[in-house]
Amino acid sequence: MASANLNVMIKAARKAGRSLVKDFREVENLQVSSKGPGDFVTRADREAERIIKEELRAARPNYGWCGEETGTEPGEDPTRRWIVDPLDGTTNFLHGLPHWAVSIALEHKGEVVAAVVFDPAKDELFSAEKGDGAFVNDQRLRVSGRRDMNSAIFATGVPFGGRGTLPATLKDLARLMPVCAGVRRWGSAALDLAYVAAGRYDGYWERGINAWDVGAGWLLVREAGGFVEPIRPHDGPGVDAGDVVAANAQLFETFSGIIRSRD
Ligand code: LIP
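One structure accompanies this document, and this report is about it. All of these numbers come straight from a predicted model, not from anything done at the bench. (Residues numbered from 1 in each chain as written. Predicted model: local features only at pLDDT ≥ 70, side-chain atom pairs only at ≥ 80, totals over all residues. Heavy atoms only, no water.)

On to the sheet that holds strand S11 (residues 203–207). The five strands lie next to each other as S10-S9-S11-S13-S12, forming an open sheet whose pairing is mixed. Of all strands in the sheet, those with a lone pairing partner are strand S10 (182–184) and strand S12 (227–229), marking the two edges. With direction set aside, neighbouring strand axes in the sheet form an average angle of 20 degrees. Two strands pair when backbone bridges link them, and strand S9 (residues 153–156) and S10 are joined in this way by three bridges, in the parallel orientation. Across the sheet, Ala155 pairs through a bridge with Arg184, a residue of S10. Packing of helix H4 (residues 166–176) onto the sheet brings it into contact with S9, S10 and S11, and relative to S11 it is tilted by some 155 degrees. Where helix H5 (residues 189–197) meets the sheet, its contacts fall on S9, S11 and strand S13 (243–247), and the angle it forms with S11 comes to roughly 155 degrees. (Pairing = 2+ DSSP bridges. Helix = DSSP H or I, 4+ residues; strand = E, 2+ residues; numbered from the N terminus. Axes fitted to C-alpha atoms, helices over the stretch in contact; angles between N-to-C directions. Contact = heavy atoms within 4.5 Å.)

Packing of H4 against helix H7 (residues 252–260) brings their axes to within 9 Å, and their N-to-C directions diverge by 135 degrees. Judged by the inter-axis angle, H4 sits oblique to H7. As H4 packs across H7, the resulting crossing turns out to be right-handed. Taking contact as the criterion, the partners of Asp172, Arg175 and Leu176 in H4 are, on H7, Phe255, Ile258 and Ile259. Across the contact of H4 with H7, the residue classes tally to four nonpolar, no polar and two charged. (Parallel < 35°, antiparallel > 145°, perpendicular 65-115°, else oblique. Left-handed = near helix turned anticlockwise from the far one by under 90°. Nonpolar A, V, L, I, M, F, W, Y, C, P; charged D, E, K, R; others polar.)

What follows is the structure, encoded as structure tokens:
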């Protein structure tokens, strides 16, 4: 039985999802325009965050806010904050690729306690509450049971445009790819973590990532029986660490050891 907070989060995610699906249909038409859909997607992203903020603030006016588009705002309740990426997988959305999600996390005293990752294009709503398990729609999620690296597949995000973490990520790939069954880069951290929770990926890692990208997925993996930690030691909430490594229980030590071996 979902809590009142989770029901509020699901309602907000679905309302924003309806707005994004309408805009996504327009983006597909704009691919051929010379200017491209960049400005249109920015407006879609900001409208989605406005919808989510309106819904969550109406229900819980004293919680803090951390949103990709509108930044951070402390709340009267200093122990709780919403962590929101209204459109995770923005570049996919921009190019008409149907792999993007609305990500909403509720953090209490530095720990994520409720999570929603909604993929409207595939009609999959991933959710979790601390101690109550993780679900996709009404189906309970469990991480994969694979024990050997050479049959496991992993996901990551490779920085585009030569961003700062590209050299480190290329070294990760050089060490990991020879000992696993493959690596996927599908462009949405929130869905990458949701897919680890669902057992579709056996693990995921990314450097140079934000709290709003990973906040909800962090709890999904843990509630599905997986492990998720910052790559480097970090004081404070793990979702603020700027990097992340996650896997099922059997592979986490070996996988995280490979990713951390250069740090
Ligand atoms: C994206 C992440 C993805 C990362 C991209 C980007 P956005 O978030 O979900 O994992 O590799 O660089 O940060 O910007 O689409 O919300």
